[in-house]
Amino acid sequence: MSCHIQCGDLLVLGGDCLCARGVVGAFIMEYTSPGGIAVAKFLAAVTSLVILGVAVLVPPTKGQHHDVRHGRHYNRHRIHDLDYEDSTVVMPPQFLNVKHNVTVIEGDMATLPCAVRNLGTKQIAWRKVGDNHILTVGSFTWVRENNIQVDNKFEDGQVSRWNLLIKAVKKEDEGTYQCQITDKTPLRIHIYLTVKPRPPVNKSVFNLTGTEFVDRNDPILLECKATGATLAPEKVDWFKDGLKLDTNNRDHPRIQLEEYTSLQEERTLISKLRIEHADINDSGLYICRISVSEVASIKVTVLVADTTNVKRGTGAHEEEAGLNGHSAATQHTSVVLTLSFFCLLHILL
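Just so you know, these numbers come straight off a predicted model, no measurement behind them. (Residues numbered from 1 in each chain as written. Predicted model: local features only at pLDDT ≥ 70, side-chain atom pairs only at ≥ 80, totals over all residues. Heavy atoms only, no water.)

**Structural notes on the overall build of the protein**
Link 1 in the chain: Looking only at helices and strands, the protein has three helices and 26 strands in total.
Link 2 in the chain: Counting all 349 residues of the protein, 26% fall into the buried class.
Link 3 in the chain: Summed over its atoms, the accessible surface of the protein is roughly 25,100 Å², and 56% of this surface lies on carbon and sulfur atoms. (Helix = DSSP H or I, 4+ residues; strand = E, 2+ residues; numbered from the N terminus. Buried < 20%, exposed > 50% of the residue type's maximum accessible area, 1.4 Å probe, protein only. Areas by Shrake-Rupley, 256 points an atom, 1.4 Å probe, with all protein chains shown as cover.)

Shown next as structure tokens:
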């Protein structure tokens, strides 16, 4: 497009030529004198400059629109001569499925689960139903008990976990706990905690029996009955005077060991030690052991006697009494012989 030169002035706007007379034609028509024509040209030039400045300072829009109604920016699109606006949609928070019944043994740590999606800027609060005070808010503990805390983790998909931990749980901790999302309309779930008493702890029991005194060449018989705390012991070790006894050792060729699990008593292992033809060197302290702290012991003495007629266990007093009796009998015989000799001599004379 071009303008006629007769207009006298040209105005270029966005690549189009506009005739200045078209803008201020009314002014030119008003003034026909030479002075009026000069004034009209001056006004046309000023108007052209003003229009040009406005065109430069105000660029054309490209579909963007600022809406101050809600303080948000919207993008205006035109599809099939229809306008629409879009904005970010905030999803409401919701609880995820968790275990609603938790059972622990007294003294252990209880973990009460709570998982939320799309929590946003809201907080999670824990409380025990029936109590007036809050246990935790967010990651902070609001009670003096040092055994309560929150295990907080963030996962993909706008998921956050706020598990309540109760350490060294007691029977009075049993009850219903509430996990709540702080909002105008509170959202909550309930977790029930059951605390069971701890079962009694079984202790290991040892029973070592046998003959403490044996004669030389008689067998030594010892029996070790070991009952474990939870299971029967796998093996019993034997020691004599601190040295381990082994049937495979050539230094102990007369030792025999037998082990078996008792059918009458639970968790019980029976181990028997037998030594054929006991010798004086077999005297000593015998120990059966299943661990360093679980042992049982017995002292065995091998007796050595000159004759089998001497009763065991009488000691030196019986021997002394026997000697005294023999001496008295000898003296009585001497007295009788002496009297008989004197009587025979009196008759002869």
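**Things to note about a nonpolar patch on the surface**
Link 1 in the chain: Judged by side-chain polarity, Ile134, Phe140 and Trp142 come together as a nonpolar surface patch covering roughly 380 Å² of accessible area.
Link 2 in the chain: By secondary structure assignment, the location of Trp142 is in the loop between β13 (140–141) and β14 (148–155). (Patch = residues over 30% accessible without salt bridge, like charges linked within 9 Å, V, L, I, M, F, W, Y side chains within 5 Å. Salt bridge = Lys/Arg side-chain N within 4 Å of Asp/Glu carboxyl O.)

**Section: the packing of aromatic side chains**
Link 1 in the chain: One pass over the full model with this rule turns up one aromatic pair.
Link 2 in the chain: On the numbers, 6.0 Å between centres and 85° between planes, the contact of Phe154 with Trp162 is edge-to-face. (Phe/Tyr/Trp six-rings, centres within 6.5 Å; stacked < 30°, edge-to-face > 60°.)

**What to know about the side chain of Thr227**
Link 1 in the chain: Tracing the chain through its elements places Thr227 in strand β20 (residues 220–227).
Link 2 in the chain: For Thr227, a relative accessible area of 13% puts it in the buried group.
Link 3 in the chain: Of the polar contacts made by the side chain of Thr227, one reaches the side chain of Thr268; its length is 2.9 Å.
Link 4 in the chain: With residues near it in sequence (within four places) discarded, Thr227 still touches Lys203, Ser204, Val205, Pro233, Glu266, Arg267 and Thr268. (Polar contact = N/O pair within 3.5 Å; in protein donor to acceptor, adjacent residues only side chain to side chain. Contact = heavy atoms within 4.5 Å.)

**Comments concerning the sheet that holds strand β22 (residues 243–244)**
Link 1 in the chain: Taken in spatial order, the five strands of this open sheet run β19-β26-β25-β21-β22, and their pairing is mixed. Of all strands in the sheet, those bounded by a partner on one side alone are β19 (213–215) and β22.
Link 2 in the chain: Taken together, the two bridges between strand β21 (residues 237–240) and β22 define a ladder with antiparallel strand orientation. If you follow Lys240 over to β22, its bridge partner there is Leu243. (Pairing = 2+ DSSP bridges.)

**Thoughts on the pairing of strand β15 (residues 159–166)**
Link 1 in the chain: Buried residues dominate β15, accounting for seven of its eight residues.
Link 2 in the chain: In terms of strand pairing, strand β9 (residues 110–112) meets β15 through three bridges, oriented antiparallel. Each residue of the ladder has a partner; that of Leu112, found in β15, is Leu164.
Link 3 in the chain: Relative to β15, strand β10 (residues 115–117) is paired through three bridges, and the arrangement is antiparallel. Within the sheet, the bridge partner assigned to Val116 lies in β15 and is Ser160.
Link 4 in the chain: As paired strands, β14 and β15 are joined by eight bridges and run antiparallel to one another.

**What to know about the state of the cysteines**
Link 1 in the chain: Applying the stated criterion across every chain, the model contains two disulfides.
Link 2 in the chain: Bridging Cys114 to Cys179, the disulfide has an S-S length of 2.0 Å. Taking the sign of the S-S torsion, about -70° here, the bridge from Cys114 to Cys179 comes out left-handed. Of this pair, Cys114 sits in the loop between β9 and β10 while Cys179 sits in strand β16 (residues 175–181), and the two are 65 residues apart along the sequence. (Disulfide = S-S within 2.5 Å.)

**Section: the environment of Val137**
Link 1 in the chain: Among the structural elements, Val137 can be located in strand β12 (residues 136–137).
Link 2 in the chain: Along the sequence, Val137 and Gln123 sit 14 residues apart, while their C-alpha atoms lie 6.7 Å from each other.
Link 3 in the chain: Not counting residues within four places of it along the chain, the set of residues in contact with Val137 comprises Gln123, Ile124, Ala125 and Trp142.

**Topic: the nonpolar core**
Link 1 in the chain: Counting 27 residues, the largest nonpolar core has Leu112, Ile124, Trp126, Leu164, Ile166, Tyr177 and Leu193 as its most contacted members.
Link 2 in the chain: Breaking this core down by element, the ones donating at least two residues are β8 (101–105), β9, β10, β11 (124–128), β14, β15, β16 and β17 (187–196).
Link 3 in the chain: In terms of residue count, β17 provides more of this core than any other element does, four residues in total.
Link 4 in the chain: With 21 residues, the next largest nonpolar core counts Leu245, Leu273, Ala278 and Cys288 among its residues. (Core = buried A, V, L, I, M, F, W, Y, C linked by side-chain atoms within 4.5 Å.)

Scope: geometric values only; no functional claims are made or implied.
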